[in-house]
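Each chain, letter by letter, is given below.
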Amino acid sequence: MKSLFLVSFLAPSAPVGSRPFSQHLTTKCFGKQLHFHSRCVLFSSYTCSATLSVVPDLQEKETFDGEKASLLLKDLRKTFNSGKTKSYEWRISQLEGIAKMLEEKEKEILDALNKDLSKPGLEGYISEVSQAKSSCSEALQELKHWMKPEKVKTSFTTLPSSAEIVSEPLGAVLVISTWNFPFLLSMDPVIGAISAGNAVVLKPSEIAPATSSLLANLIEGYLDNSAIRVVEGAIPETTALLEQKWDKILYTGSARVGRIVMAAAAKHLTPVILELGGKCPAVVDSDVNLQVTARRIIGGKWACNSGQACISVDYIITRKEFAPKLINALKEELKQFFGEDLMESKDMSRIVSPTQFSRLVKLLDEDKVSDKIVFGGQRDEMKLKIAPTIILDVPDDAMVMQEEIFGPIMPIITVENIEDSFGIIKSKPKPLAAYLFTNNEQLKKAYVENISSGGMLINDTVIHVATRGLPFGGVEESGMGCYHGKFSFDSFSHKKSVLYRSFDADSSLRFPPYTPEKEKLLKAIFSGNIIRIILTLLGWS
Amino acid sequence: MSSSTDADEKKKESFNAEAASLLVNNLRATFASGTTRSYEWRASQLKALIKLCDAHEQQIIDALYSDLAKPPLETVAYEIAMFKNSCKAALKELKRWMTSEKVKTSIATFPSTAEIVSEPLGVVLVISAWNYPFLLSLEPVIGAIAAGNALVLKPSEIAPATSSLLAKLLGEYLDNSCTRVVEGAVDETSALLQQKWDKIFYTGNGRVGRIVMAAAAKHLTPVVLELGGKSPVVVDSNIDLKVATRRIIAGKWGCNNGQACVSPDYIITTKDYAPKLVDSLKAELEKFYGKNPLESKDLSRIVNSNHFGRLTKFLDDEKVSGKIVFGGEKDESKLRISPTILLDIPRNSLIMREEIFGPLLPIITVDKLEESFDVINSGTKPLAAYLFTTNNKLKEQFVMNISAGGLVVNDTALHLAVNTLPFGGVGESGVGAYHGKFSFDAFSHKKAVLYRSFLGDAPVRYPPYTNIKMRLLKALVGGGLLGIIRALFGLS
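Basis of the calculations
Residues numbered from 1 in each chain as written. Chains lettered and ligands numbered in written order. Predicted model: local features only at pLDDT ≥ 70, side-chain atom pairs only at ≥ 80, totals over all residues. Heavy atoms only, no water. Helix = DSSP H or I, 4+ residues; strand = E, 2+ residues; numbered from the N terminus. Buried < 20%, exposed > 50% of the residue type's maximum accessible area, 1.4 Å probe, protein only. Areas by Shrake-Rupley, 256 points an atom, 1.4 Å probe, with all protein chains shown as cover. Contact = heavy atoms within 4.5 Å. Buried area = accessible area lost by both parts, 1.4 Å probe. Salt bridge = Lys/Arg side-chain N within 4 Å of Asp/Glu carboxyl O. Polar contact = N/O pair within 3.5 Å; in protein donor to acceptor, adjacent residues only side chain to side chain. Nonpolar A, V, L, I, M, F, W, Y, C, P; charged D, E, K, R; others polar. Pairing = 2+ DSSP bridges. Core = buried A, V, L, I, M, F, W, Y, C linked by side-chain atoms within 4.5 Å. Domains from an automatic or database assignment. Axes fitted to C-alpha atoms, helices over the stretch in contact; angles between N-to-C directions. Phe/Tyr/Trp six-rings, centres within 6.5 Å; stacked < 30°, edge-to-face > 60°. Lys NZ or Arg CZ within 6 Å of the ring centre and 35° of its normal.

With respect to the overall build of chain A
Of regular secondary structure, chain A possesses 20 helices and 18 strands. Looking at chain A as a whole, 63% of its 541 residues qualify as buried. A total of about 19,800 Å² of accessible surface is found on chain A, and carbon and sulfur atoms cover 55% of it.

Side note on the overall build of chain B
Of the regular secondary structure elements, chain B holds 18 helices and 18 strands. By principal-axis analysis of the C-alpha atoms, chain B measures approximately 90 × 65 × 35 Å. Per-residue burial over chain B gives 62% buried out of 492 residues. Once local pairs closer than 6 in sequence are excluded, the contacts in chain B between residues at least 24 apart make up 71%. Just so you have it, chain B exposes about 18,000 Å², and 55% of that area is on carbon and sulfur atoms.

Focus on the interface of chain A and chain B
Contact residues are listed per partner, giving 115 residues for chain A and 114 residues for chain B. Surface buried jointly by chain A and chain B totals about 9,100 Å² across both partners, of which 63% is contributed by carbon and sulfur atoms. Here chain A and chain B share four salt bridges between them. Measuring nitrogen to oxygen at the nearest pair gives 2.5 Å for the salt bridge that ties R501(A) to D411(B). Remark: the boundary between chain A and chain B carries 36 residue pairs in polar contact (both at pLDDT 80 or more). Per-element tally for the side of chain A that touches chain B: the top contributor is strand β18 (residues 493-501) of chain A, with eight residues. Tallied by class, the residues present in the side of chain A that touches chain B amount to 53 nonpolar, 34 polar and 28 charged. Both β18(A) and strand β16 (residues 406-409) of chain B contribute to a ladder of four bridges, which runs parallel. Across the sheet, the residue bridging to S497(A) is G406(B), located in β16(B).

Re the nonpolar core
Core analysis: the largest hydrophobic core is formed by 262 residues, its most contacted members being I316(A), L49(B) and F134(B). Of all the elements, helix α4 (residues 72-98) of chain B adds the most residues to this core, at 12 residues. For F134(B), the residues in contact, after removing those within four places along its chain, are L52(B), C53(B), I60(B), L64(B), E79(B), I80(B), F83(B), T162(B) and L166(B). Listed in part, the 35 residues of the second largest apolar core include L363(A), M401(A), Y447(A) and I451(A).

Let's talk about the domain arrangement of chain B
We note that the domain assignment places domain 1 (17-227 + 436-446), domain 2 (232-425) and domain 3 (459-489) within chain B. Using C-alpha coordinates to define each centre, domain 1 of chain B is positioned 52 Å away from domain 3 of chain B.

Let's talk about unusual backbone geometry
The peptide bond linking P512(A) to P513(A) adopts the cis configuration, its omega dihedral lying at -5°. Residue position: P513(A) is located in the loop between β18 and α19 (516-527). A cis geometry characterises the amide bond from P463(B) onward to P464(B), with omega recorded as -5°. Tracing the sequence through the fold places P464(B) in the loop between β18 (444-452) and α17 (467-478). At F406(A), a position not held by glycine, the phi torsion is positive, near 55°. Mapping F406(A) onto the fold places it in the loop between α15 (399-402) and β14 (409-415). With a relative accessible area of 3%, F406(A) lands in the buried category.

Regarding the sheet that holds strand β1 (residues 150-152) of chain A
Spatial ordering of the open sheet is given by β1(A)-β2(A)-β18(A)-β16(B)-β15(B)-β8(B)-β9(B)-β14(B)-β13(B)-β10(B), a layout of 10 strands whose pairing is mixed. Each edge of the open sheet is held by one strand with a lone partner, namely β1 of chain A together with β10 (324-326) of chain B. Along the sheet, successive strands turn relative to each other by an average axial angle of 25°, direction set aside. Across two bridges, β10(B) lies against strand β13 (residues 340-343) of chain B in antiparallel orientation.

So, the pattern of salt bridges
All names here are of chain A. In total, this model carries 49 salt bridges over all chains according to the counting rule given. The shortest N-O distance in the salt bridge between R359 and E403 comes to 3.6 Å. One end of the pair, R359, is in helix α13 (residues 354-365); the other, E403, is in the loop between α15 and β14, and 44 residues separate them in sequence. The class of R359 is buried, set by a relative accessible area of 13%.

With respect to the sheet that holds strand β4 (residues 199-203) of chain A
Residue and element names in this part refer to chain A. Taken in spatial order, the six strands of this open sheet run β5-β4-β3-β6-β7-β17, and their pairing is mixed. Each edge of the open sheet is held by one strand with a lone partner, namely β5 (228-230) and β17 (479-480). As judged from the four bridges shared by strand β3 (residues 172-176) and strand β6 (residues 248-252), these two strands associate in the parallel manner. Within the sheet, the bridge partner assigned to V173 lies in β6 and is K248. Strands β4 and β5 of the sheet are contacted by helix α8 (residues 209-222), whose axis makes an angle of about 155° with β5. Against the sheet, helix α10 (residues 255-266) touches β6, β7 (272-275) and β17, its axis set at about 175° to β7.

Structural notes on the domain arrangement of chain A
A common way to state how big an interface is: give the accessible area lost once the parts meet. Split into domains, chain A comes out as domain 1 (66-276 + 489-495), domain 2 (281-472) and domain 3 (507-538). Relative to domain 3 of chain A, the C-alpha centre of domain 2 of chain A lies at a distance of 65 Å.

Focus: helix α11 (residues 290-300) of chain A
Among the 11 residues that make up α11(A), nine are buried, leaving the element largely enclosed by the rest of the structure. As for α11(A), its buried residues are in contact with β8 (281-284), β9 (315-319), α12 (323-338), β14 and β15 (433-437) of chain A together with β18 of chain B.

Remarks on the side chain of T340(B)
All names here are of chain B. With respect to the helices, strands and loops of the structure, T340 is situated in strand β13. A relative accessible area of 0% means that T340 is categorised as buried. In this structure the side chain of T340 is engaged in a polar contact, spanning 2.7 Å, whose partner is the backbone oxygen of S338.

Notes on the packing of aromatic side chains
For the structure on display, the rule yields 17 aromatic pairs over all chains. On the numbers, 5.0 Å between centres and 20° between planes, the contact of F337(A) with Y462(B) is stacked. Of this pair, F337(A) sits in helix α12 while Y462(B) sits in the loop between β18 and α17, which puts the two residues in different chains. Between the aromatic rings of F472(A) and Y483(A), the centroid separation amounts to 6.0 Å while the plane-to-plane angle is 50°, which identifies the pairing as tilted. Here the residue F472(A) occupies a position in the loop between β16 (455-458) and β17, and Y483(A) occupies one in the loop between β17 and α18 (486-491), the gap between them amounting to 11 residues. Judged by relative accessible area, Y483(A) falls into the buried class, the value being 0%. Aromatic rings pair up to connect F201(B), F423(B), Y434(B) and F443(B) into one cluster. Between the NZ or CZ atom of K119(A) and the centre of the ring of F181(A), over which it lies, the distance is 3.8 Å.

Written as structure tokens, this is what we have:
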């Protein structure tokens, strides 16, 4: 997922990437970052403040700086250290609070999403509210089971003993969320953090302000504010938060900011989960059910927040001969879905902001690209709408093929043989998702074996993230760490190894003085050779 | 660069960023060719590592003796045997580890099948430490190879004999197109850290750990950091004192003379019990190491004069020097410090603020044993925490209230040898874990794969969005069968 808003601000400083490595890096790079931030504040159109829940006694307009962040964290640590958040009962009560909030405030949530993104009600419901519900109910259902220590077998050398792996909360964690699914991508990690028994601060995205302020209000109203807080804001607030020592940071957004988050985390040895994006390809074979394929691609592109989703189909690769058929099917189904006048459809989200709008328009207006449009291309800057747009056979060095699109533009790349698609995908950084449509079992196998991506889905798009039991997370440029369901719980837990021994069976073998006999016997034991053990014990070898 | 394939005379040339970049490019080319992915390749490399151990045991013992005067039995038990065990376990389990894990799918995506596929990350970097220079180099290598990665190992320059032995032996025994050793210190490590890796596995201290992670952040490289910390031992008064004493000694002085990341750093016990414990420690220490421990062949020496100086500074602290109840002898020329026990030192002394990593053992006394929890929790989270007691209630509380990488009740350090337990720190003691299957997982990407057919394409997912669709969806999500039927018939 991408939140490019920071990118334009941060680009000139190139804070992490451009400096040669040195011991100073750790201390300096973030310092530079901060310096730049302080200048950026001026450009930020959205002025932010801490939520009431953070500092109720202070004026709302006061800035949330490092000092306030440190105070906030101190409060949360106090709660955490009291042991309150560790109990099963507390975790359940908070999860129930979220479930109740989802039940009672559904309309408000859908309205906020509509305000921020013109997100259609049904889409908001399917992709955000219902997912959060399902995540919450899974946690409620499974929590007892997740919290149980896992017994493990112990080895011969430590007998007699018993061992278990205990899941314990990490402490106080930070969730930095994003604007494209601003509700789900805020609440889903929070559900994980709470399930694992942590205190948590959520920083929703300022690019989706209606949802951000709704979240601040709802969380204050429904959850235990001594352990769960919302801090609204943009770069200065985020920077203030990142200066603190957290026990885990989960960030959803762009790779560029991901690097900044990780560099900040490194100062405190804080582990991170980075949920980023990438160019997610869809390879379409020619033996497919064309109508179903077209509908599922549309479902994962334009019906998925107008392509503004981290797992949205970024581009299609198909065979030269098959491309015209696929394009026709896409056109046909797009009209079925969104009507003859795609710009007027109420069933499609708008582009989130003018910045994003102009970024997308720039991709389309590039010389190499503008004459390749085979469908769509209309735009309305006033309404921040861009029509579903298909471009055929753009060169690989076009911007639209070099960066994540994150919008309603769909390039189709054609190849002679469908296997040629592997080389194209592998020449780019590893994406968050990779899709394949085919009936050819051989091709499926080759795809799974050869293509590396966060997740993979054969013959559909996007819905692997709704599949219980599958981890959701990227690899390489698309992210690190994963969450969803049990994986969320694990990501916000420390897996503590515990070995129990009794005072019996204290062999003197381990202890000095070390004699050649002891060494021989030890070697025999470690090699598992019974005869040698006996011989050694009898002093025969 | 002392990568073993470079037989030419340019060996002495410095290993700079350019050389590092070339090296990584070569490894990437091999990785891209798919060599490292096959089960056969992985198994062949693991077998070669076992063979290496068997054929060169004496050389390994000698190298460790040269670097640390490590007693041969310690080397055999803690470095070679543990490594071979891990290797054998990996060989035995590898097929199972590599098999993708089937996952049940939900009704929302029906009909479909799902699995989690473990795939290698690519080219990984292992930066090792000097205290167990053999084990801590090769144990992560097992994981990296088992998971099918190409890798570079950077052994510690502070244990030079082992470092050069590893470079030589890995060059002889392993496939050099996929596995390379780079020897060196800060410059070489910096050159390596500038490159883009798919995982960095670092064993060492928190200061360098931060540098490693910051360097990794530039390339979005995930890291495993195996660090240390002040690992406490809480000693109750209801125990088998002799057994407890021997086990504490084994985990402290019997573990590289306290130079181990899981070594007991300090003891907490009650005021009344402390004298008994001290007497017992003295008696057993004498049995183990004789009247003159500076001469004992069963104790490692301090690794170098830097560390010797660091440790003597602890002892020279005014608040501390009068508190020595046992030991305190040192021989700078031989880099030897005898097992030393300090009683009741103030908590704000230098030795109680830093990881000791040597043969000094402070004992802190409390009125009630439960106070130990606060003492431990007031510091950063250690890599290990130990408790000796027969009181089950106390065990339970300890496990519940003390956060550490790992815990052992009634023994020390031994959890490391249990392959089914993850080994890794938390907070200041590290990020990530390894050992056994956890090593394989640490060096794998868990790829979620969902398979669907073209059947079962419900129009309810797609626009145009109608109220009926909304109702149907809500009913589906809510799981109410009656609601589903109603919505389908347009009744509600």
